[in-house]
Amino acid sequence: MGQGRADDYAEFAGARAGHLYRSACLLTAGDTHLAEDLVQEALGRLYVRWGRVSRAENPAAYAQTVLTRAFLAHQRRRSSGERATDVFPDLPGTADGDAPLRLTLLAALARLPAKDRAVIVLRYWEDRSVEQTADVLNVSSAAVRTRYSRALGRLRELLGEDLAEYARP
């Protein structure tokens, strides 16, 4: 890669890394270490293909797609020796005091299957359309709508009335 492309990549990676990390934290339901690994993997894949990616219409969307697919691939190959836990790592506090709400939402997200979690993050956090989400996940729009509907229903079941106690008056 030439110096000009390397500089362009470094600028892009620096500008998008924070957003990718926040998305990865949501996808991993608060596993900050795995989120860092996924962002690193996504940025590495982007670096290898930067010549093509930099000419894409929306490199940021491409980066998000690479991150989401890296997450789903990780979920598929996860060792059977790994066990999910309900213990969260220390998360930085929020300035507005929403820590209990954030932990409740992350715990509920962690209980969703990986593809359901990906649909929720892409639709709500990334504010993507059904068609864009379907493209990222390599499924039909109908499959996204079905998964989205079921995932929201499952979140409502998991959160139940607990969420109301964290809502601000």
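Above: the structure in question.
One structure accompanies this document, and this report is about it. (Residues numbered from 1 in each chain as written. Predicted model: local features only at pLDDT ≥ 70, side-chain atom pairs only at ≥ 80, totals over all residues. Heavy atoms only, no water.)

### What about the side chain of Thr65?
Next, step 1: For Thr65, the location among the structural elements is in helix H4 (residues 59-77).
Next, step 2: Relative accessible area serves as the criterion here: at 15%, Thr65 is assigned to the buried category.
Next, step 3: When neighbours within four sequence positions are excluded, Thr65 is seen to be in contact with Arg128 and Val136. (Helix = DSSP H or I, 4+ residues; strand = E, 2+ residues; numbered from the N terminus. Buried < 20%, exposed > 50% of the residue type's maximum accessible area, 1.4 Å probe, protein only. Contact = heavy atoms within 4.5 Å.)

### Comments concerning a positive patch on the surface
Next, step 1: A cluster of like positive charges, contributed by Arg5, Arg49, Arg52 and Arg55, occupies part of the molecular surface.
Next, step 2: By the secondary structure assignment, Arg52 is in helix H3 (residues 50-53). (Patch = residues over 30% accessible without salt bridge, like charges linked within 9 Å, V, L, I, M, F, W, Y side chains within 5 Å. Areas by Shrake-Rupley, 256 points an atom, 1.4 Å probe, with all protein chains shown as cover. Salt bridge = Lys/Arg side-chain N within 4 Å of Asp/Glu carboxyl O. Lys, Arg positive; Asp, Glu negative; His and termini not counted. Charge placed at Lys NZ, Arg CZ, Asp CG, Glu CD.)

### Re the pattern of salt bridges
For side chains of opposite charge, pairing can occur when their charged atoms come near one another.
Next, step 1: Scanning the model with the defined rule gives 3 salt bridges in all.
Next, step 2: Notably, a salt bridge pairs Arg45 with Glu41, separated by 2.4 Å at the nearest N-O pair. Here Glu41 and Arg45 lie together in helix H2 (residues 32-48), a separation of 4 residues that amounts to about one turn.
Next, step 3: We note a salt bridge from Arg154 to Glu157, for which the minimum N-O separation is 3.4 Å. With a gap of 3 residues between them, Arg154 and Glu157 both fall in helix H8 (residues 141-159), about one helical turn apart.
Next, step 4: According to the relative accessible area criterion, Arg154 is partly exposed, its value standing at 31%.
Next, step 5: On the basis of relative accessible area, Glu157 is assigned to the exposed category, the value being 61%.

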